[in-house]
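Chain by chain, the residues:
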Amino acid sequence: MSKTPTLNEQIAETVAAFMSQLPPDTAAVVSGSFEKLAASNVGENAMLVGDRAPDFTLPNATGAPVSLYDVLKHGPVVLNFYRGGWCPFCSLELHALQSILPDMRALGANLIGVSPETPDNSLSTVEKQQLEFEVLSDQGNQVARDYGLLFAVYEEMRPLYLEWGFDIPAVNGDDSWEIPIPATYVIDANGIIRASYVNKDYTKRMEPDDILAALREM
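Just so you know, these numbers come straight off a predicted model, no measurement behind them.

A. Summary view of the overall build of the chain. Looking only at helices and strands, one finds 10 helices and nine strands in the chain. Relative to the compact-globule value of 17 Å for 218 residues, the chain shows a C-alpha radius of gyration of 17 Å, a close match. When its C-alpha atoms are laid out on the principal axes, the chain stretches across 50 × 45 × 35 Å. Scored against the burial criterion, the 218 residues of the chain give a buried share of 50%.

Structural data, given as structure tokens:
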């Protein structure tokens, strides 16, 4: 029986298929942006294991306010920052997170997703992905900024994003082109980060098995 590919294997396949159909000049721009990001200091000030997670209150997909520390009163939280529902890699990650949601809950944990999309666009993501966890709107990216995750899409990539249908200003409701670098934090009931995965390479994500392992160790 064939082994089910891991989340990162699925993403790698998606990246390879996407890059293979790009014209050479476009592929060169994309590759150059990856190299620029790899050489940058993006994410160097991100929250780390042992840090106290900054509290926040953000609207969920229906506009109701959700506070991190209110949710922590009920047990650990897996906090996932993703770029947006438009991002194919984030879609794979959200699907993977949804698939382990029963396991997380069995371990007493809650899952919260955060993106800079407007509540309406977050609701579209929830409905499209059939997500059963809170998806919050960090419009203006203040929480992403507090967690050290802020990134602005490079100017040379912006026309390509629009060409591909990734209209960041439209889904985020501002013209900044700012999005978080993907990150996953496992936070204990006292607000302390017990495990984290932060990678400025947005094609890499924390594996669901690693999230569950971190929860079991708490």
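There's more to say after this.
B. Focus on the sheet that holds strand β3 (residues 77-81). Reading across from one edge, β5-β4-β3-β8-β9 is the order of the five strands in this open sheet, with mixed pairing throughout. Bordering the open sheet on either side are β5 (134-137) and β9 (193-198), each of which pairs with just one other strand. Geometrically, the sheet is characterised by an average inter-axis angle of 15 degrees between neighbouring strands, direction not taken into account. Here five bridges tie β3 to strand β4 (residues 110-115), and the two strands are oriented parallel to one another. Opposite Val-77, over in β4, you have Asn-110 as the bridge partner. Lying on the sheet, helix α6 (residues 119-129) is in contact with β4 and β5; it crosses β5 at an angle near 155 degrees.

What counts as what
- Residues numbered from 1 in each chain as written.
- Predicted model: local features only at pLDDT ≥ 70, side-chain atom pairs only at ≥ 80, totals over all residues.
- Heavy atoms only, no water.
- Helix = DSSP H or I, 4+ residues; strand = E, 2+ residues; numbered from the N terminus.
- Rg over C-alpha atoms; globule rule 2.2 N^0.38 Å.
- Buried < 20%, exposed > 50% of the residue type's maximum accessible area, 1.4 Å probe, protein only.
- Pairing = 2+ DSSP bridges.
- Axes fitted to C-alpha atoms, helices over the stretch in contact; angles between N-to-C directions.
- Contact = heavy atoms within 4.5 Å.

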